[in-house]
Amino acid sequence: MAASMSEAGTVAGRPCASYTDPRLAAVYDPLNPPDAADAFYLDLAGDRPLTILDVGCGTGRLATALAERGHRVTGADPAGAMLDVARRRPGGDRVRWVEGTAGTLALGPVFDLIIMTGHVFQVFLDDDAVLAALANLREHLAPGGKLAFEMRNAAVRDWETWTPDETREVVQVPGIGPVEVFHDIAGVDGRLVTFETHFVFGPGDTALTTSTLRFMDHGEVASFVEAAGLRAQAWYGDWDRSARTDDSPEVIAIAGRV
């Protein structure tokens, strides 16, 4: 993950302080600049105007980029501090912002494309939570609509590199200045990995958050997709749309309603 962590990690089902504390939320964008995943989802949306739901939208970078391309976008996130950043960003007034989770959203409209980016799928820690999220998003799909999401491939064991030495970096945060950020593993319980994020704002001024993620392989993800009443249309192993293999870094799913 280098030093950045783009998913909305949870503690006991709630967003962790990295996303609810306004000062920590301000670090998110400098720590997570645009990358190949953004390009993948922008390309997936295409040029024809669509109604799009961005689940776990965070600070709204991708949602606003989609809106700037003419799409009708709703951004949903459980962390109010992240949505505050999203509303203030250039182009934020083009997006409808909603506070809520994948499993509880009840938006009424149906969408041509639903995206769940930044490895958000990994915050659903038990089977019921996974199924609730996928089944609810299925109900928000328009006929012929697509759901796209991704997670890190468990077989790669990416978390083994989440050490202070491997992840330490300093980012410049507007209005705050330089902030040192690094990660460390707090514990591994089967496929559940708990990690700490350390924020160093200055001497004696630090913050620590804890998040837990669930790792799955392709077969596990595929079984949940099917159980939620979805049919996989494509599987990719990386952001260049390369074919998925057992040791691909990502498990990227494109699915539609059965």
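Residues numbered from 1 in each chain as written. Predicted model: local features only at pLDDT ≥ 70, side-chain atom pairs only at ≥ 80, totals over all residues. Heavy atoms only, no water.

Going by an unreviewed UniProt entry, the protein carries the name Class I SAM-dependent methyltransferase and comes from Aquibium pacificus.

Student: Can you explain the overall build of the protein? Please cite residues and give values.
Tutor: Along the backbone of the protein there are nine helices and 13 strands. Here the C-alpha atoms of the protein give a radius of gyration of 17 Å, agreeing with the 18 Å that 2.2 N^0.38 yields for 258 residues. In terms of overall dimensions, the protein has C-alpha extents of about 55 × 40 × 30 Å along its principal axes. The contacts of the protein with a sequence gap of at least 6 include a subset with a gap of at least 24, amounting to 60%. Split by element, the accessible area of the protein, about 11,000 Å² in all, is 50% carbon and sulfur. Within the protein, one finds 22 positive and 37 negative side-chain charges whose respective centroids are separated by 8 Å. (Helix = DSSP H or I, 4+ residues; strand = E, 2+ residues; numbered from the N terminus. Rg over C-alpha atoms; globule rule 2.2 N^0.38 Å. Contact = heavy atoms within 4.5 Å. Areas by Shrake-Rupley, 256 points an atom, 1.4 Å probe, with all protein chains shown as cover. Lys, Arg positive; Asp, Glu negative; His and termini not counted. Charge placed at Lys NZ, Arg CZ, Asp CG, Glu CD.)

Student: Can you tell me about the sheet that holds strand S5 (residues 96–99), naming the residues and giving the values?
Tutor: The strand order across the open sheet formed by seven strands is S5-S4-S3-S6-S7-S13-S12, and the pairing between neighbours is mixed. Single-partner strands in this sheet number two, and they are S5 and strand S12 (230–236). Direction aside, the axes of adjacent strands within the sheet are offset by 20° on average. Bridging between strand S3 (residues 51–55) and strand S6 (residues 111–116) involves four bridges; their strand directions are parallel. Bridge pairing in S6 places Leu-53 opposite Ile-114. (Pairing = 2+ DSSP bridges. Axes fitted to C-alpha atoms, helices over the stretch in contact; angles between N-to-C directions.)

Student: A description of the UniProt feature "domain: Methyltransferase" (unreviewed entry) in the protein should follow, citing residues and the corresponding values.
Tutor: As annotated by UniProt and renumbered to match this structure, "domain: Methyltransferase" (unreviewed entry) occupies residues 52–145. Taken end to end, residues 52–145 is 32% helix and 27% strand, and its first and last C-alpha atoms sit 10 Å apart. (UniProt positions renumbered as here; feature names shortened; annotations may be inferred.)

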